[in-house]
Amino acid sequence: MLRIRSLTLSNFKNVRHGTIVLSNVAKLDDIGSGADVAGIYGQNGSGKTSFIQALSVLKMLMSGDSLTDQVREYVGAGSDSFSLTLEFFVTFGDDEGTIAYLLGESEATPACESYICTYDVTAGTCSGRSPLVLAESLRCKNTQTGESLHEVISWSAKDTTVDSGSGEQGDSVLSYSSVVPAWISNREEAWSYDLSELSPLTHWHTIYSFAKARSTRLEAARHKAFEEGRSFLFSEGMLNGAFDIIHKPDERRMPRGTADAIVRVVLPSLQVAMASRIFATRDMAVLSTSHLGLLALNYLPLASQEGYRGEYTDNFLLLDIDKVNNVPLRHVDELERALRSISGVIGAIVPGLRITVARLGRMSGKDGEVLESIELMSQRGESKVPLRNESEGIKKILSIVSLLVDVHTNPSTFFAIDEFDSGVFEYLLGEILEALVAHGAGQLVFTAHNLRPLEVLSSKNIWFTTTDENERYVLSKGVRGSNNLRKMYLRNIRLGGESGDVYVPTSPLEIDSALYDAGMAVHEMRVAQVQGGENAQ
C-alpha cells in the first residue's frame, strides 16, 4: 500500500514553489486509521488546478505512460522544465512484499516490509520537442533497519543536439549517449542526448561489473523510456531489468560487495517501483475539469472500481445520456452490478433517488460481439424518467460516487478532484466531507470555491493559495477550536493576514467601470456595423 504524504511543485505553471502536505500520518502504523482530506482554496488562477494537474503528471509517470503533449503547457514562464517532489510511505502486506532473491548459492533475504520515500522528477522539453523526463531520483529509508534516508537511484539527461559536433560534454554527463534519427523519433530532425550514469555510482558500478549482460539490457530500457517520454524508474524495462539483476546472473558466486549493493539500491528500487505502478494504475484517480465538461455535453463518465480497481481512471465507461447506447454485454452486467453496489449511497445523498438500467434489446457489433441497447433511468418511487432530465449536480454525484465509496472504505484509495463543489449543494458537500473525515480510510484532495467545507473541516485540512509565487500554498495560522475558519479567511482577503496575502485585490468600482466600458465598446461597434451596411446600400 502506498500513502502520499506531500507534494512540492517547482516552476509548474504559475507556481514557482509550493508544497501541500496531504497526510497527517506521523507513523507508518497509523496508515489506514483514518482518512486524509485536503481542500485547496483561493481565487481564480492562483494555483489550485495546477496542483491537481501536477498529480495527473505523477499518475502518468508512475503508471509507466508517456507524457502527453499537454504537459508542455505546464512548464512555468521563463523555464524549460518543471520539477515535482513526492514524499510517500510504502508498506507491504503478506501478499505483495515477498520478492526474494539469491545471495551466493542458497541464501535468501526477505523483502523489506515498509519504506519512507522521496521521489524527485524533472520534466520538460529539449529544443522544443515533445515532453521528456529529464531527471529522476529516488531516496528511501528502510524502516525495518532504522537506516537514514538515502539515495537508491538517480539519473539525468542532457540534450546535445546543438553542441554534439564539439565533442564536449557537461560535467554532470558521463558515458551513455545516443543519436535518434528523425524517422525513428517521429520528429522533424535527428537529435542527440547524453544520459548520466546511474547513481549512487559506487553501488551501480559494482552491480554492472558483475551482471554485465543484464546491465546492458537495463541501460537499453533506460534509453527507450527516455526517448518515449516515460519515467525510467517506473517503466517495464526497469522492472524487468532490476528483477533480472536481483536473481543470480550466472553460475559464479555473488561477491558480498555486489550482494550488499543489491540490497542497498536495486531491491528498494524494484519494490518501490512495483508498489507505485500498482498504486497509480489501481488506486489513484485524478479528475480534472474536463471530466465535468463531459457532463455538460450530456456524456456520463461512470467511474467504478469494481474488479481490477482503478481501470476507470483512464478508461471511463462513457455513456451518451441523450440517446440509447449500444454497449458490449459484459459492460452492461458490470454497470448494473456497480449501480446496485452504490444504490444505497445515492439514496442517502439524494433521498429517494435510484438509478436503473433499461435494457432495450440486443444486436451484433461489427466484430460479432454482442451489444445491448441501454438507457439510464432515474427512479423515484414508481416514477421513472430518463437520467438526462436530471440536474448537472446529480449527474456529477453519480459519476464519482464509487470513488467516494472507496475513499470511505479503502485505505489504498487516492482521489483528487478539481472543483468538487461544482453543481453540488453546499450543505450536502459539507455532509459528505464530514462523513469521510469521521469514518473514512483513504485520501481525498479537492479544490473548491464554495466555503462550506471551511466550516466543517479542521484548519489542518484546508490549504490556501497566496499571491507569493515562491510560497504558493499555506495553512491558516493561529486558528483555535472556537474560530470560524470561513470568517477568518474572508477577513484575511479583506485585510490581509499572518498567513500571507491570499487574494489579489479587486474593486467593485473597477469591475463596474470595466463592464460599462466594455458595453459601450460593443455598442459603438454595432452602431458602426449598421452605418457601414447603410452606406454600402
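Draft legend 1. Up close: the overall build of the protein chain. On a plain count of helices and strands, the protein chain comes out with 13 helices and 22 strands. A total of about 25200 Å² of accessible surface is found on the protein chain, and carbon and sulfur atoms cover 50% of it.

Draft legend 2. Structural context of helix 4 (residues 212-227). A rise of 1.5 Å per residue sets the reference length of helix 4, with its 16 residues, at 22 Å; its end C-alpha atoms lie 23 Å apart and thus fit the reference within 8%. Listed in full, the buried residues belonging to helix 4 are Ser215, Leu218, Glu219, Ala221, Arg222, His223, Ala225 and Phe226. Positive backbone phi, approximately 70°, marks Gly229, located one or two places after helix 4.

Draft legend 3. How the structure looks around the packing of helix 9 (residues 392-409) against helix 10 (residues 426-439). Contact pair helix 9 / helix 10: the axes reach a minimum separation of 10 Å and the direction vectors enclose 20°. Looking at the two axes, helix 9 sits roughly parallel to helix 10. Contact residues: helix 9 offers Ile397, Leu404, Val407 and His408, while helix 10 offers Leu428, Ile432, Ala435, Leu436 and His439.

Draft legend 4. Geometry of the pairing of strand 12 (residues 284-287). Burial of the side chains of strand 12 extends over both faces: Met284 and Val286 are buried on one face and Ala285 and Leu287 on the other. Inspection of the sheet shows strand 12 paired to strand 19 (residues 414-417) by four bridges, in the parallel sense. Looking at strand 19, one finds that Leu287 is bridged to Ile417.

Draft legend 5. Representation of the packing of aromatic side chains. For the coordinates displayed, the defined rule picks out nine aromatic pairs. Where Phe51 meets Tyr473, the ring centres are 5.7 Å apart and the plane angle is 75°; that geometry is what we call edge-to-face. Linking Phe51 in helix 1 (residues 48-63) with Tyr473 in strand 22 (residues 473-475), this pair joins segments that are 422 residues apart in sequence. On the basis of relative accessibility, which here comes to 3%, the residue Tyr473 falls in the buried class. Relative to Phe226, the ring of Trp155 has its centre 6.3 Å away and its plane inclined at 90°; by these criteria the two rings are edge-to-face. Within this pair, whereas Trp155 is found in strand 9 (residues 150-159), its partner Phe226 is found in helix 4, the two being separated by 71 residues in sequence. Of the two residues, Trp155 and Phe226, neither departs from the other in class, the shared state being buried.

Draft legend 6. Representation of empty space enclosed by the protein in the model. Inspection of every chain in the model, using the stated rule, returns four cavities of 30 Å³ or more. Looking at the largest cavity, its volume works out to about 50 Å³. Every residue lining the largest cavity is listed: Leu319, Asp320, Ile321, Lys323, Asn325, Ile374, Glu375, Leu376, Pro386, Leu387 and Arg388. Taken together, the elements giving at least two residues each to the lining of the largest cavity come down to strand 14 (317-320) and strand 17 (370-380). With three residues, the single largest contributor to the lining of the largest cavity is strand 17.

Here is what the cut-offs are and how they apply
- Residues numbered from 1 in each chain as written.
- Predicted model: local features only at pLDDT ≥ 70, side-chain atom pairs only at ≥ 80, totals over all residues.
- Heavy atoms only, no water.
- Helix = DSSP H or I, 4+ residues; strand = E, 2+ residues; numbered from the N terminus.
- Areas by Shrake-Rupley, 256 points an atom, 1.4 Å probe, with all protein chains shown as cover.
- Expected span 1.5 Å × (residues − 1).
- Buried < 20%, exposed > 50% of the residue type's maximum accessible area, 1.4 Å probe, protein only.
- Axes fitted to C-alpha atoms, helices over the stretch in contact; angles between N-to-C directions.
- Parallel < 35°, antiparallel > 145°, perpendicular 65-115°, else oblique.
- Contact = heavy atoms within 4.5 Å.
- Pairing = 2+ DSSP bridges.
- Phe/Tyr/Trp six-rings, centres within 6.5 Å; stacked < 30°, edge-to-face > 60°.
- 1 Å grid on protein atoms, 1.4 Å probe; cavity = no way out; pocket = protein on both sides within 12 Å on 5 of 7 lines; lining within 4 Å.
- Points joined across faces, edges and corners; volume = space filled by probe spheres on them.

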